[in-house]
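Structural overview for review
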Amino acid sequence: MYNYRITNIRLELNQGWSALPEKVEKACGLSAGTLAESDIAVRKESLDARKKKDIHRVLTLDFKYCGKLPARGRKRVSAAPDLRPRAIAPGEKPLAGRPLVVGFGPCGIFAALSLAEAGYAPIVVERGRPMEQRVADVDAFWQEGKLDPESNVLFGEGGAGTFSDGKLTTGIKDPHIHQVLTSFVDAGAPEDIAYAQKPHIGTDILRKVVVALRKRIEAAGGEIHFNTQMTGFEQNENGELVSVELKTGEEKWKHSTNAVVLALGHSARDTFRALKDMGIPMAQKPLSIGVRLEHPQRIIDQAQYGGQTGLPPASYKLSCRAQNGRGVYSFCMCPGGEVVTASTQPGMVCVNGMSNRNRDSGTANAGILVDVRTTDFPSTDVLAGIEFQEYWERRAFEYGGGRFAPPRCSFAEFRDNTGRGPEVAACLPDFAAEALREAIPVFGKRIRGFDSDKACVTAVETRSSSPVRILRNDDYESALKGLYPAGEGAGYAGGITSAACDGLRVAEAIVRRFAPFLDKV
Ligand code: FAD
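How each quantity is defined
- Residues numbered from 1 in each chain as written.
- Predicted model: local features only at pLDDT ≥ 70, side-chain atom pairs only at ≥ 80, totals over all residues.
- Heavy atoms only, no water.
- Helix = DSSP H or I, 4+ residues; strand = E, 2+ residues; numbered from the N terminus.
- Rg over C-alpha atoms; globule rule 2.2 N^0.38 Å.
- Buried < 20%, exposed > 50% of the residue type's maximum accessible area, 1.4 Å probe, protein only.
- Contact = heavy atoms within 4.5 Å.
- Lys, Arg positive; Asp, Glu negative; His and termini not counted.
- Charge placed at Lys NZ, Arg CZ, Asp CG, Glu CD.
- Phe/Tyr/Trp six-rings, centres within 6.5 Å; stacked < 30°, edge-to-face > 60°.
- Axes fitted to C-alpha atoms, helices over the stretch in contact; angles between N-to-C directions.
- Left-handed = near helix turned anticlockwise from the far one by under 90°.
- Nonpolar A, V, L, I, M, F, W, Y, C, P; charged D, E, K, R; others polar.
- Disulfide = S-S within 2.5 Å.
- Pairing = 2+ DSSP bridges.
- Parallel < 35°, antiparallel > 145°, perpendicular 65-115°, else oblique.

The next thing to look at is the overall build of the protein chain. On a plain count of helices and strands, the protein chain comes out with 13 helices and 22 strands. Relative to the compact-globule value of 24 Å for 521 residues, the protein chain shows a C-alpha radius of gyration of 24 Å, a close match. Principal-axis analysis of the C-alpha atoms places the extent of the protein chain at approximately 70 × 70 × 40 Å. In the protein chain, which comprises 521 residues, the share counted as buried stands at 56%. Pairs at least 24 apart in sequence give 71% of the contacts found in the protein chain among residues at least 6 apart. Each charge sign in the protein chain was given a centre, from 67 positive and 63 negative side chains, and these centres are 7 Å apart.

Turning next to the packing of aromatic side chains. For the structure shown, the criterion picks out 12 aromatic pairs. Seen in terms of ring centroids, Tyr4 and Phe63 are 5.5 Å apart; in terms of plane orientation they differ by 35 degrees. Their pairing is tilted. Of this pair, Tyr4 sits in strand 1 (residues 4–11) while Phe63 sits in strand 3 (residues 56–63); the two residues are 59 residues apart in sequence, bridging distant segments of the chain. Plain terms: the ring middles of Phe110 and Phe184 are 5.4 Å apart, the flat faces sit at 80 degrees to each other, and that makes the pair edge-to-face.

With that out of the way, let us pick up the packing of helix 3 (residues 106–117) against helix 13 (residues 496–513). At a closest axis distance of 7 Å, the pairing of helix 3 and helix 13 adopts a crossing angle of 35 degrees. When the axes of helix 3 and helix 13 are compared, the crossing they make is right-handed. Facing Pro106, Cys107, Phe110, Ala111, Ser114 and Leu115 of helix 3, the residues of helix 13 in contact are Ile496, Ala499, Ala500, Asp502, Gly503, Leu504, Ala507, Ile510 and Val511. In the contact of helix 3 with helix 13, the residues fall into 12 nonpolar, two polar and one charged.

When the sulfur atoms of two cysteines share a covalent bond, that bond is a disulfide. A complete count under the given rule lists zero disulfides for this structure. Here Cys332 stays free of any disulfide, with the sulfur of Cys334 as its closest cysteine sulfur at 4.2 Å. Cysteine Cys501 is unpaired, with the sulfur of Cys107 as its nearest cysteine sulfur at 10 Å.

Read from one edge of the open sheet, six strands run 14-15-18-13-20-19, paired in antiparallel fashion. The open sheet has two edge strands with one neighbour each: strand 14 (319–321) and strand 19 (408–410). Averaged over neighbouring strand pairs, the angle between their axes works out to 25 degrees when direction is ignored. Sheet topology places strand 15 (residues 327–334) next to strand 18 (residues 363–372); five bridges connect them, and they run antiparallel. What sits directly across from Phe331, in strand 18, is Gly367. In this fold helix 9 (residues 384–399) packs onto strand 13 (287–296), strand 18 and strand 20 (456–461), with an angle of close to 40 degrees to the strand it touches most, strand 13.

So, about the packing of helix 5 (residues 177–186) against helix 13. Following both chains from N to C, one finds helix 5 and helix 13 inclined at 110 degrees, their axes separated by 9 Å at the closest point. For the element pair helix 5 / helix 13, the angle class is roughly perpendicular. The segment helix 5 lies against helix 13, with Ile177, Gln179, Val180, Leu181 and Phe184 engaging Ile496, Thr497, Ala500, Cys501 and Leu504. Tallied by class, residues from the contact of helix 5 with helix 13 come to eight nonpolar, two polar and no charged.

In structure tokens, the structure reads:
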């Protein structure tokens with residue numbers, strides 16, 4: 001057990017972990033040779049590139065030391081936090097059947113893992129296909145334009161995160177983050193994701209990690225059914241969930257249970273519609289719309305690092321407010337990545353960004369998005385956000401030539417409304433096109449070359465967050481008792497890590513309430 005934490009330890013770019021014992025000893029006034037490298041755990045590593053001529057790393061470390069620290073040392077340290085997952089005392093309410101997890105994205109994976117390892121033997125249903133088949137389906141889509149509405153960039157084993165940039169950065173503060181990141185490491189991810197300030201796993205590694213997590217869930221008593229869609233619920237006269245209607249291919253079946261984690265992701269539009277018909281309380285939610293913008297990676301590296309070499313491909317985070325009052329911001333920036341088409345329905349196109357672990361494509365891309373308010377939606381219907389997204393995705397499909405080829409142009413064409421610029425602008429509401437034309441040159445003042453004529457603009461990015469919120473109470477439960485809406489699709493997460501944390505929170509709520517199921521399996 002590490003007992004002390006020390007922050008702000010500086011490490012030069014060419015220094016390795018072997019330099020750490022001496023640095024900690026000096027900072028704490030301990031004599032040389034007191035600490036070994038194995039007494040120290042790196043908890044956070046960030047790159048300080050504020051001064052281009054003095055780029056270095058800054059670390060937070062936990063270390064073990066049994067004696068009393070000298071007074072000077074005590075000033076610099078605090079007690080190391082206990083990072084072990086909290087033990088949750090199981091509840092007493094009997095489960096009417098094995099708990100069900102709907103969706104096997106990051107939220108469903110971590111909910112299932114937590115439930116399985118606590119002895120709740122969950123059953124997972126995922127409408128998409130297992131990894132290997134899904135990868136083949138996505139390849140067929142990207143190469144030949146053949147869309148499988150059930151197995152694609154957003155649906156299938158690993159959820160939307162699988163074909164992603166695999167950034168694990170999150171804006172939330174949550175004690176579960178460490179558990180999520182170390183579970184990824186235990187499943188084969190590189191160790192640095194557990195401490196890097198901007199952890200990045202990459203789609204290539206993430207695919208293997210997801211399969212390893214699935215095997216861990218199965219080994220702990222979980223069961224996973226692919227090609228299986230949740231289509232409805234049955235409830236009793238007390239408003240309690242009693243069973244779930246499922247469909248595997250053409251076969252319909254039911255699973256009796258009184259505990260369901262609903263981890264649908266943000267693109268299960270047919271399921272959102274079915275939930276509305278079932279009367280599950282939901283609310284409208286604002287969203288964003290915009291384009292993917294691509295630059296040569298060297299432009300971003302030059303702006304962030306000056307001439308310094310030997311550093312990872314640089315990223316950026318930009319935001320401003322346009323004169324029409326709309327917020328414009330960069331989203332899901334992928335250094336050394338590629339722009340991907342991420343459709344789930346025929347006749348509609350949307351884009352996103354993806355990268356491999358080594359981020360070596362030479363091209364940087366990011367969503368440049370404009371905020372969309374619920375008053376921009378076509379109606380006050382709870383699912384009007386979906387209608388809004390579908391409208392603009394249909395335009396992108398049409399303007400891309402009726403194929404899954406998103407409209408593209410240069411920034412000069414977009415700005416001046418020449419060449420293919422009008423086709424790209426036609427995939428955006430006027431307020432968004434106007435705000436983007438104004439904001440990109442503003443960002444060009446912060447990153448030289450950002451507004452270059454040649455930057456490539458691709459439309460349309462619509463799926464940065466869920467268009468609805470599925471309401472839940474402080475115990476994470478819907479008005480339909482026993483239903484636990486979770487993750488990004490329910491409106492409680494944005495990104496892989498936060499969706500995984502929400503899965504853990506909801507699993508804990510189920511453990512707190514129900515008695516384990518394992519003895520009945
Ligand atoms: P999802 O991952 O969407 O999983 C939901 C699952 O539920 C899906 O597999 C779906 O098939 C299944 N499902 C839906 N309806 C049903 C049903 N009725 N029955 C059974 N199964 C159903 N986030 C990051 O943090 N970093 C990134 O770098 C990043 N890059 C991205 C790049 C791309 C191309 C995309 C598309 C997304 C990216 N994201 C990224 C976002 C991230 O993927 C999501 O935030 C995250 O996956 C949400 O997790 P989730 O489990 O809530 O939902």
